Amino acid sequence: MAFAIEEINRDLALLPNITLGYRLYDNCVNLAVALRAATALINGEEDSFTDYSCTGTPPVLAIVGDPGSTNSITISRILGLFRVPMVSYYATCSCLSNRKEFPSFFRTIPNDKFQVKAMIEIIKYFGWTWVGVIASNDDYGQSAVKSFTEEVDKIGCIAFSETLPSVNSKVRIFQIMETIQQSTARVIVVFSEGAHFFPLAEEIVRQNITDRQWIASEAWVFSTLISRAELMSSFTGTIGIAIRRGEIPGLENFLLGIHPGSGPNTGLVEEFWEINFDCKFEGKTSTNSSLYEVKGKICTGSEELNSRKTAYSDVSKLRASYNVYKAVYALAHSLHNLMSCEPGKGPFQNNSCADITTVQPWQVLHYLERVNFTTHYGDRVSFDENGDALAIYDVMNWQRADDGSVKTVTIGLFDESAPAGQELTLNEDKIFWNFKHNSPPRSVCSESCQPGTRKATRKGEPLCCFDCVPCAEGEISNHTDSIDCFKCSPDFWPNSSRDQCVLKEIEFLSYEETLGISLTTISVFGACISAGVLAVFIYYRNTPIVRANNSELSFLLLLSLILCFLCSLLFIGQPLHLTCMLRHVVFGISFVLCISCILVKTIVVIMAFRATLPDNNVMKWFGAAQQRGTVFVFTVIQAMICIIWLSTASPVPFKNTQYQNSKIIFECYIGSITGFSFLLGYIGLLASVCFLLAFLARNLPDNFNEAKFITFSMLIFCAVWIAFIPAYVSSPGKYSDAVEIFAILASSFGLLLSIFAPKCYIILLHPEKNTKKALMSRADPK
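Being a predicted model, the structure only gives us computed values, none of them experimental. (Residues numbered from 1 in each chain as written. Predicted model: local features only at pLDDT ≥ 70, side-chain atom pairs only at ≥ 80, totals over all residues. Heavy atoms only, no water.)

(A) Representation of the overall build of the protein chain. Secondary structure summary: the protein chain contains 21 helices and 24 strands in total. For 782 residues, the compact-globule estimate of 2.2 N^0.38 gives 28 Å, and the C-alpha radius of gyration of the protein chain, at 53 Å, exceeds that figure by more than 25%. Each principal axis of the C-alpha atoms in the protein chain carries an extent, and together these give about 170 × 70 × 40 Å. Across the 782 residues in the protein chain, those meeting the buried criterion constitute 46%. (Helix = DSSP H or I, 4+ residues; strand = E, 2+ residues; numbered from the N terminus. Rg over C-alpha atoms; globule rule 2.2 N^0.38 Å. Buried < 20%, exposed > 50% of the residue type's maximum accessible area, 1.4 Å probe, protein only.)

Below you can see the structure in the form of structure tokens.
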């Protein structure tokens, strides 16, 4: 402080023609002493006043200090009443940022809120979500731990929170030790001064706890009590938040230039001199003679301070001192701005300016709130609306030096003014970890839930303690530590890991699979056989056995069977709008045409038999024209059913995602169940009538009798389609189409073989029986 003021007084640009003075008080780390010193500064030291008008400059315009948060809180409450600016260089309690309670308090050290934020950024950087916290039992510790807990709750959990005893208590220390040992947290943050933390640190080393990562607040990161070689087995690798280091050009020479008698504080300098050089001035009694062995050595005052390497002359790590330097300059710049006020443009009543000869503390306060300058080191100094300085911290790491001592290495920087997300920069290569493989520890209550699972909190435990539960069927989670799983869209399904939605397999009866190839082959084979039989019948159309069985109806029946076989191909392949419409239409009309031909043939057999009876001329009423007309009418009825069905609710392609979750069943939605029922019902009606007539005519003479074969064919047809209904309803996906194709093919083969196989057998293998005589000879009744 003395150096800064002397430097300002020599500066011709800053406060020209103004000489700053100062008074120094020691608070003796005692609140009562600090409070007495503060009141002495604002009251003055004179015993009486002669100027009863109370004009002139007050004893002091501003106070630099106090370094302690508790002291600053008490002193600021008094100074705030008189609007006397107080600039602290070491009080960090975030409670001091309350402008309503402390309107005149400023500080050049960031408050604990920013220190906490820096710690949180470090914790986030290494992925620690389960941390313990220990704090001293004072305003600094308790305020910091409260702020820290609030911030940790946003990214993780507090494993435990302990308060250090104000007075060393072994019972309380052992309680804290038990908490540390039982906790699974591997990272512990400590907000305390070194003196308060030292008893616990000793016990930690004594019990050989070496598997914890310590995070030090700025209050003990440079504590010589803790950073001892004998404690480093447990505390090597400690990461700490430190006040920003600065450089003060010329300070070292100033310190080395101090000699007894060179300044007003001669007593203090002489005492320092005696302690530093183990001597005493002649004719004086040292107050520290009992603590130092002087051995009769006399101080001359000409000893060289640079001959000894001590902390006094070491200006390489100026942190608190740098904050004092900035505090003095902040007040000097405030006074300079006050002097630079242009008359009529001032900030006070009627745009007036302050008079430097009668300046008041509240006027200095106004300019101090708006001060903004840059130090020799390049750091900008200004205060926010709460009187807080810009938050810049060095991140430190405790490491062992080659000589076994402890050294603090700067491993990074936290700058609150940096762009969002870039406030913290760390050099991981410089960090020493007191763990295996020199790697950072894991400190989590529960390991992260991988994609494909979700977090399920444990009852009665913090949110960071959870179980990982696999996502339910049809749901996924695609990021780590997902709270919920979400369903895939209807066309997608989770993969085996349940961390990604993949397109569902589309299932339909394909020409490329074994089942589709087999059914296609059988269908084509059946159509070819039917065409072959038709060719045989056409070739032998003039033979008695073909003529006797109504060759025209036989030809039409074979054509309809070819259509029946081929219509099954419409059920194979990817459903299209056209194929969905045609498949049941072609199937329904083909089978009605087929059954109609068989029904007419059955009626012809019955009428032909009755025509052989005396005086019966029934055949003239059911000739070829009537037969064709009957077949046409039966078929048109089915066609009308199909037209009505298609016009009201036409079958369409439909992706069924409800039947099977993991697949999309690509099928033809029939549109109208009523229409489909009428189509099948009409076929069933004709088949039932045909079966009934054929059954009644089964004992007619053999020469006209196809009734036995028709009865058998209708029996097969009805059995197949009766069995089809439950099989179709219970078959999933493409297998329902396969069942319908099987029913078509089975019934078609049944009709083809039952009706035409016996005739082809005679035509091709026994032509001697294909004569009129042979047929007539078998016509005699038994």
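Picking up after the structure, the text goes on.
(B) Structural detail: helix 12 (residues 361-368). Counting buried residues in helix 12 gives 7 out of 8 residues, a clear majority hidden from the surface. Of all the residues in helix 12, the buried ones are Pro361, Gln363, Val364, Leu365, His366, Tyr367 and Leu368.

(C) Structural context of the sheet that holds strand 22 (residues 505-507). Spatially, 22-24-23 is the arrangement adopted by the 3 strands of the open sheet, whose pairing is mixed. Both outer strands of the open sheet, strand 22 and strand 23 (652-656), are each paired with one neighbouring strand and no more. For this sheet, the mean inter-axis angle between neighbouring strands, taken without regard to orientation, is 30 degrees. Here 5 bridges tie strand 23 to strand 24 (residues 663-669), and the two strands are oriented antiparallel to one another. Its bridge partner lying in strand 24, Asn656 is registered against Ile665. (Pairing = 2+ DSSP bridges. Axes fitted to C-alpha atoms, helices over the stretch in contact; angles between N-to-C directions.)

(D) Seen up close, the packing of aromatic side chains. Evaluated as defined, the whole model comprises 33 aromatic pairs. Judged by centre distance (5.6 Å) and plane angle (65 degrees), the rings of Phe148 and Phe191 are edge-to-face. Note that Phe148 is positioned in helix 5 (residues 139-155) and Phe191 in strand 6 (residues 187-191), a separation of 43 residues in sequence. Judged on exposure class, the residue Phe148 and its partner Phe191 are both buried. Across from the ring centre of Phe466, 4.8 Å away, lies the NZ or CZ of Lys455, which sits over that ring. A cation over an aromatic ring shows up here: Lys655 above the ring of Phe666, its NZ or CZ 5.9 Å from the ring centre. (Phe/Tyr/Trp six-rings, centres within 6.5 Å; stacked < 30°, edge-to-face > 60°. Lys NZ or Arg CZ within 6 Å of the ring centre and 35° of its normal.)

(E) Structural detail: the pairing of strand 7 (residues 213-216). Every second residue of strand 7 is oriented toward a common face, with Gln213 and Ile215 on one face and Trp214 and Ala216 on the other, all of them buried. Pairing geometry for strand 6 and strand 7, over 4 bridges, is parallel. Of the residues in strand 7, the one forming a bridge with Val189 is Ile215. Regarding the hand of the β-α-β motif, the stretch spanning strand 6, helix 7 (residues 194-206) and strand 7 is right-handed. (Right-handed = clockwise from strand over helix to strand, strands pointing away.)

(F) Quick peek at a nonpolar patch on the surface. Taken together, the side chains of Phe632, Val633, Val636, Ile637, Met640 and Ile643 make up a nonpolar region of the molecular surface, amounting to roughly 540 Å² of accessible area. Here Ile637 lies in helix 17 (residues 624-648). (Patch = residues over 30% accessible without salt bridge, like charges linked within 9 Å, V, L, I, M, F, W, Y side chains within 5 Å. Areas by Shrake-Rupley, 256 points an atom, 1.4 Å probe, with all protein chains shown as cover. Salt bridge = Lys/Arg side-chain N within 4 Å of Asp/Glu carboxyl O.)

(G) View of empty space enclosed by the protein. Under the defined criterion, the tally for this structure stands at 2 cavities of 30 Å³ or more. Taken as a whole, the largest cavity holds about 140 Å³ of empty space. If you list the elements that add at least two residues to the lining of the largest cavity, you get helix 11 (320-339) and strand 12 (380-382). For the lining of the largest cavity, the element with the highest residue contribution is strand 12, accounting for 3 residues. In terms of residue class, the lining of the largest cavity is built from 6 nonpolar, 3 polar and 4 charged. (1 Å grid on protein atoms, 1.4 Å probe; cavity = no way out; pocket = protein on both sides within 12 Å on 5 of 7 lines; lining within 4 Å. Points joined across faces, edges and corners; volume = space filled by probe spheres on them. Nonpolar A, V, L, I, M, F, W, Y, C, P; charged D, E, K, R; others polar.)

(H) Expanded view of the sheet that holds strand 2 (residues 86-88). Spatially, the 3 strands line up as an open sheet ordered 1-2-3, and their pairing is parallel. Every interior strand has two partners, whereas the edge strands, strand 1 (63-64) and strand 3 (105-107), have only one. Pairing geometry for strand 2 and strand 3, over 3 bridges, is parallel. Across the sheet, Met86 pairs through a bridge with Phe105, a residue of strand 3. Across the sheet, helix 3 (residues 69-82) touches strand 1, strand 2 and strand 3, and the angle it forms with strand 2 is around 165 degrees. (Contact = heavy atoms within 4.5 Å.)

(I) Molecular detail of the pairing of strand 13 (residues 392-400). Most of strand 13 sits out of view: 8 of its 9 residues are buried. Bridge count for strand 8 (residues 239-243) against strand 13 is 5 bridges, and the pairing is antiparallel. Looking across to strand 13, one finds that Ile241 is bridged to Val395. As defined by bridge partners, strand 13 adjoins strand 14 (residues 406-415) across 9 bridges and the pair is classed as antiparallel. When the bridges of strand 14 are listed, Tyr393 appears paired with Phe414. Counting the residues between successive antiparallel strands, the hairpin from strand 13 to strand 14 contains 5 residues, one of them, Gly404, with a positive phi of roughly 90 degrees.

(J) Highlighting unusual backbone geometry. Look at the link from Gly65 to Asp66: it is a cis peptide, with omega at -15 degrees. Relative to the elements of secondary structure, Asp66 occurs in the loop between strand 1 and helix 3. A positive phi angle is found at Asp278, which is not glycine, with a value near 50 degrees. Position of Asp278 relative to the elements: it lies in the loop between helix 10 (266-277) and strand 9 (280-281).

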